[in-house]
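So the chains spell out like this:
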Amino acid sequence: MHLQCVLKSATIVGVAALPVDVEVVVSNGLPGMTIVGMPDAAVRESQERVRAAIRACGFTMPQDKVVVNLAPGSLRKVGAGFDLPIAAAILGATGQVDSRKLEQYLWAGELSLEGAVRPVKGVIAYASCARDLGLSLAVSCDSQDCAPLEGIEQFGFRSLAGLRTLDPAPLRPKAYERGRALLDFGEIRGHEAAKRAMQIAAAGGHGILLMGPPGSGKTMLAKALPSILPPLGEKERIQAAMVHSVAGEPIGAILAGVRPFRCVHHSASMAGLVGGGTPVRPGEISLAHEGVLFLDELPEFSPAALQALRQPMEQGSITVTRADGSVKMPARFMTVAAANPCPCGYFGDPERACTCTPSQVSRYQGRTGGPLLDRIDMHIDVWRCDPGSIIHGGESAGATSAELSVGVCAAREFARWRIEALGDEDGDSTASLLSRCRLDSSGETLLESVAKSQGLSGRGIARVLSVARTIADMGESKRVGESHLVEAIGFRMRGCS
């Protein structure tokens, strides 16, 4: 006797699902089940869950030798999501279920001892893999991270017993809402200059560093930033939701268009920040993909973790290399960082004396590192506002998020028009930025003079040009003028020392 069935499943690597063939052979020999093909502990344990689930659902577990091969053998298989495909392949090999119908699906699901199909992480990644293979997706009915993908049918099984009829229920993506209200800039008294800086950062997707004493409002400004960012586009929603789906994070707000906002504690490890572990899982920078990464108390982070941010900040992705290979994950995010100027926090404060020595101040500010600061486009000081404006309020709290978001959307719309109508290249090279800025001779002279006097690096010049181009877009100007350059240079001066 030699009975065989081959079904499709997948394993999560990074934020993608890679296809895996689940090959089952039932042959004469000592009764038992063997799983080969580099399974991890959770996959090896599936044989006990599969046996119990098959019997609990009224099927017959073969009393012969069962060999399960997960191909390709060079790829490590992780997670309990192989329970369902292994059980389905056994039932197909023994003729208890029509194997030809089973082959129309990509299977992923964990089984309880009673045969219930439990959800697994990464349903969006599995669905994308199934679409690439031209198959339908079969997972648990209780999957919470189903997203609308074109070109694929997604089905859910409540129990292994549902394979008898193979009439699964279609998975319907939920209609998500934007969730709780975001912090509005109108709730922040004063700080009009800082609000202007945050608006420019949102319009151009620029990184920004907020430096100031404790209680000056740095964290509130950062947390209000998502309220003026444009909603996620359709493609951006799927990409960001896939990362959160693989990590087991809620995806409702993302599918509703809200950009991710990740507030990272300074105790985060390098693996927690950029991704890693065994198997490799996305870190905070990937969870912030298409959104905002907020690093509060920037100098308190470990130097190794901070310097690991340098590559993804420029490339929009992170590559984690291990002995068994490299994993690339998306990481295109806005960097927003907040920092005190010294250990006590009051260096330069006109109202409260600093108790730190010059060496302590220098050492504290040096913890962040020049190369990382050079990659943050805008650096601003945030000072405490007048207590009277907080206690007594006033007729106007200044610019609100609704008002600021109008300028952000207008700038982005003008930038799209400029790229299409004027043929501007959308690149980050200095030559490309100079072409888009269309500086006149006085502008070039100003930029050259500042670059020499302040020791701007080539990257620093590019950052100034990029911010100046955004400021010009906000004014719907085809050319970057001297006023745009002066404002952009002002946002760079702290990083020039």
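Further up the page is the structure itself.
Cut-offs used in this document
Residues numbered from 1 in each chain as written. Predicted model: local features only at pLDDT ≥ 70, side-chain atom pairs only at ≥ 80, totals over all residues. Heavy atoms only, no water. Salt bridge = Lys/Arg side-chain N within 4 Å of Asp/Glu carboxyl O. Helix = DSSP H or I, 4+ residues; strand = E, 2+ residues; numbered from the N terminus. Buried < 20%, exposed > 50% of the residue type's maximum accessible area, 1.4 Å probe, protein only. Pairing = 2+ DSSP bridges. Axes fitted to C-alpha atoms, helices over the stretch in contact; angles between N-to-C directions. Expected span 1.5 Å × (residues − 1).

**Q** Lay out the pattern of salt bridges in plain terms, naming residues and giving numbers.
**A** Pairs may arise between side chains of opposite charge once their charged atoms sit close together. With the rule as written, the count across this model stands at 24 salt bridges. Salt-bridge contacts for Glu314 lead to Arg459; the nearest nitrogen and oxygen are separated by 2.6 Å. Within this pair, whereas Glu314 is found in helix α13 (residues 310–315), its partner Arg459 is found in helix α20 (residues 458–474), the two being separated by 145 residues in sequence. You can call Arg459 partly exposed: its relative accessible area is 27%. In this structure, the salt-bridge partner of Arg418 is Asp473, at a minimum N-O distance of 3.0 Å. Linking Arg418 in helix α17 (residues 401–422) with Asp473 in helix α20, this pair joins segments that are 55 residues apart in sequence. Neither residue differs from the other here; Arg418 and Asp473 are each classed as buried.

**Q** Before we move on, can you summarise the sheet that holds strand β11 (residues 208–211) with the specific residues and values?
**A** As summarised here, the arrangement of the five strands in space is β12-β13-β16-β11-β17, forming an open sheet in which the pairing is parallel. One side of each edge strand has no neighbouring strand; the edge strands of this open sheet are β12 (261–264) and β17 (378–381). Ignoring which end each strand starts from, the neighbouring axes of this sheet average 15 degrees apart.

**Q** Describe α20, and please don't skip the residues or the numbers.
**A** For α20, built from 17 residues, the straight-helix expectation of 24 Å at 1.5 Å per residue is met to within 8% by its first-to-last C-alpha distance of 25 Å. Here α20 lies mainly inside the structure; 13 of its 17 residues are buried. Count one or two residues on from α20 and you reach Glu476, which has phi positive near 55 degrees.

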